[in-house]
Amino acid sequence: MKKLIALTFAMLFLGAGIASATDVSLTGGFHSGGTYHDNTAGTGTNTTAYGDYDGELSVNADWQIDDSSSVHATIEMVDDTWADATNLNESGGNTNATATDLDDNIVVEKAYAAHTFGMGLKLDVGLMSAGTWATTFGDSGTEAYRIKATMPMSFGAMIGIIEKPISATNPGESGVAETDENVYALAFITKFGDINVKPLFKYVDDQLNSITTFAAVLGLDGSFGAISFEAEGNYINSDTATADITTYGLYGSLSAVMDALTITGLVAHTNYESATEAGAFGADFYYGGAQLLGDEFGVNGNVGNTCYAGKVSFAASEALTVGAYLGYVSSGNDLAANNWNGGSAMELSASGSYKITDNVTYSAYAAWAQASYGSGNTDPDAAYQAGHKLAFSF
């Protein structure tokens, strides 16, 4: 019911915006597709294969109040695997779903306002995207409540952020005990010739778990005619009640465009010192374009690994694009008797998309992956996945 009320107010707000001549735009998309899974975790033997369907509707609303002020909202609906009893919508057949499950089928992902002051300072306040910077390497994108200030400078831009992460263990300000969590970040965007330079420094004060974290990230990207590249390095140090943990990661990729063909090669590495001191690749990276590796198929928990990958994309026509990916991941795990001690994994996948109209696209992919365990352990069966999707944008 609360989501229905929220949507009702949103519609009233939209109507009021139209009535007051506020510039309102709606964009978004819907997709629905099916996926075949066979041992997609990559660790099983003689597992049962299965298939499922899923879909999602996402709507972006922008209210341009005047030349310097705006409000943005993103609402996600029916982001479900079809017939999942914990995620069904209210169209019927919901006997196994609770009222909370049904209510949470509509999620406000973003809701923030922005204003640009006379000196060029832009201030964003509210619930917005977080957890990403420069490339996807090391990133795990989410949403968080933020105050974000962007100031144009002679060298580019300076960005300051105060963030309140959304977490089941973060109760916000508490009058009983210091159980709050705050994130402070300072970032810069500048350019040297044809190279974009993007450093970021972040400090996290997690009072609930008595952890303080300092992170430094440097992202680079640029292009030189038909050749383009991107790279990123990160350093993270966390002080806990019992340990001082340091992790780091390095990533680089190089792409060449030859008419309709694009070829990309990449390498990525994160350190492994122990089970608790290992650099993460991030939930968004997927080893640079894999379908299985890094997603359902985790390699050593996707920490402390080295990845080598290549991918190609070919625009066969204005409507049809096909591609392929080949990746190899070597685990840095050195724990005795652990499957990933000396282990590795490989993926080969192919994909294609066809633009039916400017706003309707059909896509499909197929992937194979195989893990090779170290420490004399028996290798699991290969993993297979295939899927297709029909997507609409508006």
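Residues numbered from 1 in each chain as written. Predicted model: local features only at pLDDT ≥ 70, side-chain atom pairs only at ≥ 80, totals over all residues. Heavy atoms only, no water.

Brief notes about the overall build of the protein
Next, step 1: Along the protein, the regular secondary structure elements total 3 helices and 20 strands.
Next, step 2: For the protein, with 394 residues in total, the buried portion stands at 37%.
Next, step 3: Counting only carbon and sulfur atoms, one obtains 60% of the accessible surface of the protein, whose full area is about 20,600 Å². (Helix = DSSP H or I, 4+ residues; strand = E, 2+ residues; numbered from the N terminus. Buried < 20%, exposed > 50% of the residue type's maximum accessible area, 1.4 Å probe, protein only. Areas by Shrake-Rupley, 256 points an atom, 1.4 Å probe, with all protein chains shown as cover.)

Points about the side chain of His72
Next, step 1: The topology assignment puts His72 in strand E3 (residues 69-81).
Next, step 2: A polar contact of 2.8 Å, which involves the side chain of His72, links it to the side chain of Asp62.
Next, step 3: In this view, His72 contacts Asn60, Ala61, Asp62, Lys110, Ala111 and Tyr112; residues no more than four positions away in its chain are not counted. (Polar contact = N/O pair within 3.5 Å; in protein donor to acceptor, adjacent residues only side chain to side chain. Contact = heavy atoms within 4.5 Å.)

As for the pairing of strand E19 (residues 360-372)
Next, step 1: Pairing of strand E18 (residues 344-357) with E19 involves 13 bridges; the strand directions are antiparallel. Counted as the bridge partner of Ser344 is Ser372 from E19.
Next, step 2: Linking two consecutive strands that pair antiparallel, namely E18 and E19, is a turn of 2 residues.
Next, step 3: Here E19 runs beside strand E20 (residues 383-393); their pairing, made up of 10 bridges, is antiparallel. Across the sheet, residue Ser363 finds its bridge partner in E20, namely Lys389. (Pairing = 2+ DSSP bridges.)

Here's the deal with the side chain of Thr264
Next, step 1: Residue position: Thr264 is located in strand E13 (residues 261-270).
Next, step 2: Among the polar contacts listed, one links the side chain of Thr264 to the side chain of Ser255, at a separation of 2.7 Å.
Next, step 3: With sequence-adjacent residues up to four places away left out, Thr264 is seen in contact with Ser253, Leu254, Ser255, Ala309, Gly310 and Lys311.

Observations regarding the pairing of strand E7 (residues 156-165)
Next, step 1: Both strand E6 (residues 142-153) and E7 contribute to a ladder of 10 bridges, which runs antiparallel. Paired with Pro152 across the strands is Ala157, a residue of E7.
Next, step 2: In this structure, the hairpin formed by E6 and E7 is closed by a connection of 2 residues.
Next, step 3: As defined by bridge partners, E7 adjoins strand E8 (residues 181-192) across 8 bridges and the pair is classed as antiparallel. Residue pairing in the sheet places Met158 in a bridge with Phe188 of E8.

Quick word on unusual backbone geometry
Next, step 1: Of note, the phi angle at Ala134 is positive, near 60°, even though the residue is not glycine.
Next, step 2: Tracing the backbone through its elements, the reader meets Ala134 in the loop between strand E5 (122-130) and E6.
Next, step 3: A residue is classified by how much of its surface remains accessible, and Ala134, at 35% relative accessible area, is partly exposed.

Description of the confidence of the model for the protein
Next, step 1: Here the protein averages 88 in pLDDT, and 85% of its residues register 70 or above.
Next, step 2: Scored below 50 in pLDDT, residues 87-96 makes 16 contacts in the model with residues more than four places away or belonging to other chains. (pLDDT = per-residue confidence, 0-100.)

Considerations on the layout of surface pockets
Next, step 1: Roughly 1,300 Å³ of internal volume is contained in the largest pocket.
Next, step 2: If you list the elements that add at least two residues to the lining of the largest pocket, you get E5, E6, E7, E8, strand E9 (195-206), strand E10 (211-224), strand E11 (227-239) and strand E12 (244-258).
Next, step 3: What the second largest pocket holds in volume is close to 450 Å³.
Next, step 4: Surrounding the second largest pocket, 22 residues form its lining, Thr35, Asp54, Gln291, Tyr365 and Lys389 being those nearest its centre.
Next, step 5: Taken together, the elements giving at least two residues each to the lining of the second largest pocket come down to strand E1 (23-38), strand E2 (50-64), E19 and E20. (1 Å grid on protein atoms, 1.4 Å probe; cavity = no way out; pocket = protein on both sides within 12 Å on 5 of 7 lines; lining within 4 Å. Points joined across faces, edges and corners; volume = space filled by probe spheres on them.)

Examining the packing of aromatic side chains
Next, step 1: Evaluation of the coordinates by the stated rule reveals 10 aromatic pairs.
Next, step 2: A connected cluster of aromatic rings, assembled from ring pairs, spans Phe137, Tyr251, Phe281, Phe285 and Tyr287. (Phe/Tyr/Trp six-rings, centres within 6.5 Å; stacked < 30°, edge-to-face > 60°.)

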